[in-house]
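# Tertiary structure, described
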Amino acid sequence: MTVSRPALRTTPCATFLCAGLLSLLCWSVPVHAQPMGLPSMGSASSAELPPSLERTLGDAIMEQGRRDPDYIGDPDISQYLTAMGRNLAAHAPVSPGQPITVFGVRDPQINAFALPGGYIGINSGLLVSAQNESEVASVIAHEIGHVAQRHIARGMTQQSQSSGVMMAAVAAALLAALSGSGDLAMGIAAFGQAAAVDRQLGFSRQAEQEADRAGFEMMRKGGYDPRGMVSMFNLLSNSARLNEGKGGGDYASTHPLSIQRMSDIENRVSDMPLANPTSSDSFWYIRAKLRVVQARNSQAQRMAVEKLQLDAQRATGLEQSAAWYGLAYVALQKKDLARAEQALRNAQKDGGNSPEVAGLAVSLAVAQRNTAGALTLADDAWRRWPDSQGIALSRIEALQKTGQDSVAVSFLQQRIKQWPDVPRLHQLLAQSQERLGEKVAARRTMAAYYDLTGALPTAVEQLQQARSMTTDFYVQSELDVQIRTLKERLKADRALLERFKS
């Protein structure tokens, strides 16, 4: 399959957060008030950032960010975080107006951030440091509060003139990417020029308190313990104190807490009756996996393994099972299959109801070249957890490994109906279609993949390739409509971005 894509060049410092320099880091409390006047920013200064442009900006940032090495594309992690975000958003006092998508970033710092368009990034360090699921929910709920209150949109259009200059740089970078001819590395450089956006779009104390209160209500109605917000405040406050005099960290430098915010939530919690909120078993397994994923070097990996080993010895129940799962995961990454198998057996003792453990068992069987066994495990797991994207992808891998591409195509088409916004499913479907000789269908499917990831010029290219491969008049007509529709979207996106270019 011919797919021409510019390579994204990054350095250790040009992590996903580089693509997220436009992000509005969540717990920031600057001393200035929320801006009320509108700066001179050309035609865009006459109105608040419209949702269509906000989504365009978010999609364009994510299109680049998904290919950054620090972006975490693991299906278990992505589904867990996004499901939590959408559950919370369903209980927001004001609708966010955008579909909430939460993703992980490989970074040990305790931090989180929101992008335009309903995208929320969570650092792996925040989840690894959390002691329960409600602490994580409190941060995501706070971010959704900012989205729902339109703090992001207002801040991007109502800040200082220098913020307008930064927005112009961002818009220029995204326009280059939308043209299909620009080098995405140049786009990243433009994001680097826009680094000051983070600092200049800090939210006022009032905006932060609004997000806290909205988040509190989302947690209460969504089945999480709002006390998790208090314990997360304490965790963040302790982290900041530990970093004093050491150059700080992302939280210490960008997420100062106020006594008023902490006292407000503590008072609200004190008025609540005692509750026994439910907690997902997946929290423990996702946290264990992220402990491994965020380890950047051999020393960090040794420390992660040592912590997991300690938990495996001292913890009980789910937490112990999750520790063994983490040890099995890291052993599989190192291709130490014997150790992975033993650790997995230990994890299964108390993790029989975990799709994460079942998915890892399928991956281990594939690594052991036991493809028939892997498919049996995947079939059994899918019958048990038909809502798990990780299990679905494990089954697809097993089907493709055993040469059952026709079955894989049928299964993938059903899963795309189930999860229409998961790009990886389209990519895998295209691979099976290509192997079956369905070249036109494969390119149409890849066009859908690039459409979902925001790479509209490449989506158009795939459709044009598909059109050149068929003489069927009706298929050509369908493709002409698709090509014209995507080109019109590109034109509209460029027109929106041009408003901020000067």
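Heads up: these notes are all about the structure in this document. It should be emphasised that the depicted structure is a prediction, and the values quoted were computed from it without experimental measurement.

In this section: the overall build of the chain. Scanning the chain from N- to C-terminus turns up 25 helices and five strands. Buried positions account for 56% of the 502 residues belonging to the chain. In the chain, of all internal contacts separated by at least 6 residues, the share reaching a separation of at least 24 is 72%. Looking at the chain as shown, the accessible area adds up to about 21300 Å², and 51% of this sits on carbon and sulfur atoms.

With that settled, consider the nonpolar core. A general trend in soluble globular proteins is that nonpolar side chains are found buried together. Among the nonpolar cores identified, the biggest contains 68 residues, and M84, L88, I122, L126, V136, I140 and I144 are the most heavily contacted of them. Leaving out residues up to four positions away in the same chain, M84 has contacts with E133, V136, A137, I140 and Y224.

The buried fraction of strand β5 (residues 119-123) amounts to five of the five residues, a majority that puts the element mostly inside the structure. Of the two faces of β5, both are covered, the one formed by Y119, G121 and N123 as well as the one formed by I120 and I122. Bridge analysis of strand β3 (residues 101-105) against β5 gives five bridges, and the strand direction is parallel. For T101, the partnering residue across the bridge sits in β5 and is Y119. Pairing of strand β4 (residues 112-114) with β5, which is carried by three bridges, proceeds in the antiparallel orientation. Residue pairing across strands places F113 opposite G121, the latter belonging to β5. The antiparallel hairpin formed by β4 and β5 contains four residues in its connecting segment, where G117 sits at a positive phi of about 85 degrees.

The next point concerns the environment of P51. In this structure, P51 sits in helix α2 (residues 51-65). The exposure class assigned to P51 is partly exposed, which follows from its relative accessible area of 44%. Linking P51 and R150, residues 99 residues apart in sequence, is a C-alpha distance of 9.6 Å. Each residue touching P51, except ones within four places of it in the same chain, is listed here: Q98 and R150.

Right, let's talk about the packing of aromatic side chains for a bit. All chains considered together, the criterion is met by eight aromatic pairs. On the basis of an interplanar angle of 70 degrees and a centroid distance of 6.0 Å, the ring pair of F103 and F113 is categorised as edge-to-face. Linking F103 in strand β3 with F113 in strand β4, this pair joins segments that are 10 residues apart in sequence. Residue classification places F103 among the buried positions, given a relative accessible area of 1%. The class for F113 is buried, based on a relative accessible area of 0%. Residues F473 and Y474 carry aromatic rings whose centres are separated by 5.6 Å and whose planes lie at 75 degrees to one another, so their mutual orientation is edge-to-face. Three or more aromatic residues joined by ring pairs form one cluster here, namely Y71, F103 and F113. In this structure, R415 is placed above the aromatic ring of F411, and the distance from its NZ or CZ to the ring centre is 4.7 Å.

Turning our attention to the packing of helix α16 (residues 317-333) against helix α18 (residues 355-367). Viewed as axis vectors pointing N to C, α16 and α18 meet at an angle of 25 degrees, and their least axial separation amounts to 11 Å. Classed by the angle they form, the pair α16 and α18 counts as roughly parallel. Note that α16 runs across α18; the crossing there is left-handed. Residues Y325, A328, Y329 and L332 of α16 lie in contact with α18, whose contacting residues are E356, V357, L360, S363, L364 and A367. Of the residues contributing to the contact of α16 with α18, the split by class is eight nonpolar, one polar and one charged.

Attention shifts here to the packing of helix α3 (residues 75-89) against helix α5 (residues 133-148). The contact between α3 and α5 brings their axes to 10 Å, and the two run at 60 degrees. Relative to α5, α3 is oriented oblique. Here α3 and α5 pass one another in a crossing that is right-handed. Between α3, through Y80, L81, M84, G85, L88 and A89, and α5, the contact on the second element is made entirely by E133, V136, A137, I140, A141 and I144. Looking at the contact of α3 with α5 residue by residue, the classes come out as 10 nonpolar, one polar and one charged.

With that out of the way, let us pick up the side chain of D311. Relative to the helices and strands, D311 resides in helix α15 (residues 298-314). Classification of D311 by relative accessible area gives buried; the value is 11%. Beyond its immediate stretch of four places on either side in the chain, D311 contacts Q320 and A323.

Turning our eyes to something else, we now look at the pattern of salt bridges. For the structure shown, the criterion picks out 21 salt bridges. In this structure, E319 and R287 form a salt bridge, with 3.5 Å as the shortest nitrogen-oxygen distance. Of this pair, E319 sits in helix α16 while R287 is found in helix α14 (residues 282-293), placing the two residues 32 residues apart along the sequence. A salt bridge links D480 to R467, with the shortest nitrogen-to-oxygen separation between them at 2.5 Å. Note that D480 is positioned in helix α25 (residues 473-498) and R467 in helix α24 (residues 456-468), a separation of 13 residues in sequence. Relative accessible area serves as the criterion here: at 31%, R467 is assigned to the partly exposed category.

Moving on, we come to the pairing of β3. Burial analysis of β3 places five of its five residues in the buried class, the great majority of the element. Of the strand pairs in this sheet, strand β2 (residues 71-72) and β3 are connected by two bridges, and their pairing is antiparallel. Its bridge partner lying in β3, I72 is registered against G104.

Right, let's get into α25. Its 26 residues place the ends of α25 37 Å apart at the C-alpha level, agreeing with the 38 Å of an ideal helix rising 1.5 Å per residue. When α25 is considered as a whole, its buried residues turn out to be V475, Q476, L479, I483, L486, L490, D493, L496 and L497. The N-cap of α25, judged by a side-chain oxygen 2.9 Å from the amide nitrogen of Y474 a few residues on, is D472.

So, how was this worked out
Residues numbered from 1 in each chain as written. Predicted model: local features only at pLDDT ≥ 70, side-chain atom pairs only at ≥ 80, totals over all residues. Heavy atoms only, no water. Helix = DSSP H or I, 4+ residues; strand = E, 2+ residues; numbered from the N terminus. Buried < 20%, exposed > 50% of the residue type's maximum accessible area, 1.4 Å probe, protein only. Contact = heavy atoms within 4.5 Å. Areas by Shrake-Rupley, 256 points an atom, 1.4 Å probe, with all protein chains shown as cover. Core = buried A, V, L, I, M, F, W, Y, C linked by side-chain atoms within 4.5 Å. Pairing = 2+ DSSP bridges. Phe/Tyr/Trp six-rings, centres within 6.5 Å; stacked < 30°, edge-to-face > 60°. Lys NZ or Arg CZ within 6 Å of the ring centre and 35° of its normal. Axes fitted to C-alpha atoms, helices over the stretch in contact; angles between N-to-C directions. Parallel < 35°, antiparallel > 145°, perpendicular 65-115°, else oblique. Left-handed = near helix turned anticlockwise from the far one by under 90°. Nonpolar A, V, L, I, M, F, W, Y, C, P; charged D, E, K, R; others polar. Salt bridge = Lys/Arg side-chain N within 4 Å of Asp/Glu carboxyl O. Expected span 1.5 Å × (residues − 1). Polar contact = N/O pair within 3.5 Å; in protein donor to acceptor, adjacent residues only side chain to side chain.

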